[in-house]
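What the coordinates show
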Amino acid sequence: MSRRTLLGASAPRASCLDLWRKKNDRLVGQAKEVMTQKCGLRRQQVIQDILEGLRGLLYSLQGLPAAVPILPLELTVTCNFIILRVSLTQSFTEDQAQGIQQALKRVLETQEQLGPRSEQGLRELWVSVLHASSLLPDLLPTLHLLAGLQAALWLSTDHLGDLALLLQTLNGTQSRASEDLLLLLKTWSPPVVESDAPLILQDAKGLRDILLTAFAFRQGLQELITGSLPKALSSLQEAASSRCSRPVLAQVYTALGNCLRKMGNPQRALLYLIAALKEGSSWGPPLLEASRLYRQLGNTTAELESLELLAEALSVTHSSEAPQILIEVELLLPQPDPASPLHCGTQSQVKHLLASRCLQMGRAEGAAEHYLDLLALLLDGSEPRFSPPSCPPGPCMPEVFLEAAIALIEAGRAQDALTVCEELLSRTSFLLPKMPRSWEDVRKGTKELPHCPLWVSAAHLLQGQAWVQLRAQKEAVSEFSRCLELLFRVMPKDKDQGAASNCEQGCRSDVALQHLRAAALISRGLEWVASGQDTKALQDFLLSVQICPDSEEAESEG
């Protein structure tokens, strides 16, 4: 007697299949009912209970020998379990891949085609299953849904070659002309599920539409980052016209605004950004993009207003929405990296951008207030630390202190500038080396804060300028002298050693060192002039020219 006859004989009675089917339908109904509930522990527990119910049902079905009569229900339960598991964890894992692999092996067992191929990978298993000539038509709708889940897994993990082969096999095409994933997804037409089939959480056609949107959006973002703007525009427009939730549509509109701005079409870009603000509750990315657009147009007022709104939006904590118990576009999108138009940074980074732009545009009073707000935000510990100088986008904390002091001096708030500098010195002065050392040695010796000598010296320089504003000449000269003492204690490497190290960051630091020395000498020289000590002033001016001969200010004073 053949194996197939034995397998057929071992198929469960219709009454048992009916019970299992009713259990599947009941669990799916419960899951769909939970979708309407608000996020909370009760909802989470119900979903977990439904998941365990599906797991137990799947174990019961897989505990029997593989047989054609039970496969439609078994594959349906497998799909429902994977969909719910993915939505609960909000990610695809190796467990889901193993679940799909197990389901495919069960299909091949019923066709007596597994045999020595039991160790083949997912890609080969799919080719074998979809080419099995004796598959029953009733099995195809559920197999296409399982293929949709496989496609989602491969898309989320960037296995695009495997995804293309799967779609080619589903569509019955193998030519090189059909390697376009967008075209393959559009061509894929999953069979219609019969009305009397077991209930499913998500049908294959709906999953296909989500895959189409997600891939078009992912491709558009990548093309945007790499500078392929016409291609990016086409892909993003495809995503916008496909199946989108409102939050995803807002992201697509933001990316379209970014693309059109870079293509030199600011008016259309602005229309998309306005639409993005209307569609989504996360206003950060479109507001940041709007600020870039207004900056490009030279509209400083609108640019700063956009940044102010962005900083305010990032300060508001949004209540988390209950995740859908389905696979949605959001789940298939990568986390935005700093180069993406969907990355808007933290509140502190935006505050810094706003403050620095105000300072650059000569709005010293506004810059001073924004810098003080930023320092308060950073010092209370509610924001993550700024990244170090070598890692954009933000400066490190000491540099924020220095920028704040500059803004306060320009705003005529010398006393506040002194306070900010004192705070910086109290945090950094103890890290300074006590003996004269080369700049290279300082960088090696203070691994965490290699720029510490520059920060401390700059703080004394700014304190001197604040005292000048307060007409306290003695204190000003004293601070300029302290600055120079520190700067001359740190000696740059000679040219040969500097060339050997070839460190770009070190070269920038050496240049900053020379400019700080020149600025301190000129500032002190001006105070000597004001007190009638022209000889000392001339010495400082001449030395500044020797140190930094390209300094226009030094040449004019000298």
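Counted according to the given criterion, the structure contains 1 aromatic pair. A centroid spacing of 5.6 Å and a plane angle of 45° characterise the contact between Y253 and Y272, whose relative ring orientation is tilted. Of the two residues, Y253 is situated in helix 12 (residues 246–262) and Y272 in helix 13 (residues 266–279); the sequence distance between them amounts to 19 residues. Here Y253 falls in the buried class, since its relative accessible area comes to 17%.

Moving on to the packing of helix 4 (residues 71–89) against helix 7 (residues 140–156). Viewed as axis vectors pointing N to C, helix 4 and helix 7 meet at an angle of 25°, and their least axial separation amounts to 9 Å. For the element pair helix 4 / helix 7, the angle class is roughly parallel. Handedness of the helix 4/helix 7 crossing: left-handed. Across the interface between the two elements, P72, L75, T76, T78, C79, I82 and I83 of helix 4 pack against T142, L143, L145, L146 and L149 of helix 7. Grouping the amino acids of the contact of helix 4 with helix 7 by side-chain chemistry returns 9 nonpolar, 3 polar and no charged.

Counted as a void, the second largest pocket has a volume near 520 Å³. Broken down by secondary-structure element, the contributors of at least two residues to the lining of the second largest pocket are helix 2 (14–34), helix 4 and helix 7. Tallied by class, the residues present in the lining of the second largest pocket amount to 14 nonpolar, 2 polar and 5 charged.

Time to look at the confidence of the model for the chain. Atom-level detail of predicted coordinates should not be read off regions where pLDDT is low. Confidence in the prediction for the chain averages 83 pLDDT; 82% of positions are at 70 or higher. pLDDT under 50 marks residues 1–11. Its contacts with residues more than four places away, or in other chains, come to 14 contacts. Note that pLDDT drops below 50 for residues 384–393; the model gives that stretch 26 contacts with residues more than four away or on any other chain.

Counting through the fold element by element, L145 comes out in helix 7. For L145, a relative accessible area of 2% puts it in the buried group. As for L145 and K205, which are separated by 60 residues in sequence, their C-alpha atoms are 8.1 Å apart. What L145 contacts, discounting residues up to four positions off in sequence, is C79, I200, Q202, D203, A204 and L207.

A word on the pattern of salt bridges. For the structure shown, the criterion picks out 19 salt bridges. A salt bridge links R261 to E289, with the shortest nitrogen-to-oxygen separation between them at 2.4 Å. Residue R261 is found in helix 12, and its partner E289 is found in helix 14 (residues 284–297); the two are separated by 28 residues along the sequence. Each of the two residues, R261 as well as E289, counts as buried. Each member of the salt-bridge network shares a partner with another, and the members are K205, R208 and D209.

Turning our attention to the side chain of K351. Along the chain, K351 falls in helix 16 (residues 347–360). If sequence neighbours within four positions are ignored, K351 has contacts with A311, H370, D373 and L374.

In this section: helix 14. Here helix 14 contains 14 residues, and its C-alpha end-to-end distance of 20 Å stays within 8% of the 20 Å for a straight helix at 1.5 Å per residue. Turning to helix 14, its buried residues number three or more, namely G284, P285, P286, L287, L288, E289, A290, S291, L293 and Y294. Where helix 14 is buried, its residues meet helix 12, helix 13, helix 15 (300–315) and helix 16. Positive phi shows up at G298, right after helix 14, with a value of about 80°.

For helix 13, which comprises 14 residues, the first-to-last C-alpha distance of 20 Å matches the rise-based estimate of 20 Å (1.5 Å per residue) to within 8%. Buried within helix 13 we find P266, A269, Y272, L273 and A276. End-on, the buried residues of helix 13 take up no more than an arc of 120°, which puts them together on one face. Summarising the geometry of helix 13, the exposed residues directed more than 90 degrees from the buried face are Q267, L271 and K278.

This next bit is on the packing of helix 17 (residues 364–379) against helix 18 (residues 397–410). The description of two helices packed together rests on the angle between their axes and the distance between the axes. At their nearest, the axes of helix 17 and helix 18 sit 8 Å apart, and the two run at 150° to each other. The orientation of helix 17 relative to helix 18 falls into the category roughly antiparallel. Where helix 17 crosses over helix 18, the two elements pack in a sense that is left-handed. Along the contact surface, helix 17 presents A364, A367, A368, Y371, L372, L374, L375, L378 and L379, while helix 18 presents M397, V400, F401, E403, A404, A407, L408 and E410. Of the residues that constitute the contact of helix 17 with helix 18, the class distribution is 15 nonpolar, no polar and 2 charged.

Conventions and cut-offs
Residues numbered from 1 in each chain as written. Predicted model: local features only at pLDDT ≥ 70, side-chain atom pairs only at ≥ 80, totals over all residues. Heavy atoms only, no water. Phe/Tyr/Trp six-rings, centres within 6.5 Å; stacked < 30°, edge-to-face > 60°. Helix = DSSP H or I, 4+ residues; strand = E, 2+ residues; numbered from the N terminus. Buried < 20%, exposed > 50% of the residue type's maximum accessible area, 1.4 Å probe, protein only. Axes fitted to C-alpha atoms, helices over the stretch in contact; angles between N-to-C directions. Parallel < 35°, antiparallel > 145°, perpendicular 65-115°, else oblique. Left-handed = near helix turned anticlockwise from the far one by under 90°. Contact = heavy atoms within 4.5 Å. Nonpolar A, V, L, I, M, F, W, Y, C, P; charged D, E, K, R; others polar. 1 Å grid on protein atoms, 1.4 Å probe; cavity = no way out; pocket = protein on both sides within 12 Å on 5 of 7 lines; lining within 4 Å. Points joined across faces, edges and corners; volume = space filled by probe spheres on them. pLDDT = per-residue confidence, 0-100. Salt bridge = Lys/Arg side-chain N within 4 Å of Asp/Glu carboxyl O. Expected span 1.5 Å × (residues − 1). Arc of directions from axis to C-beta.

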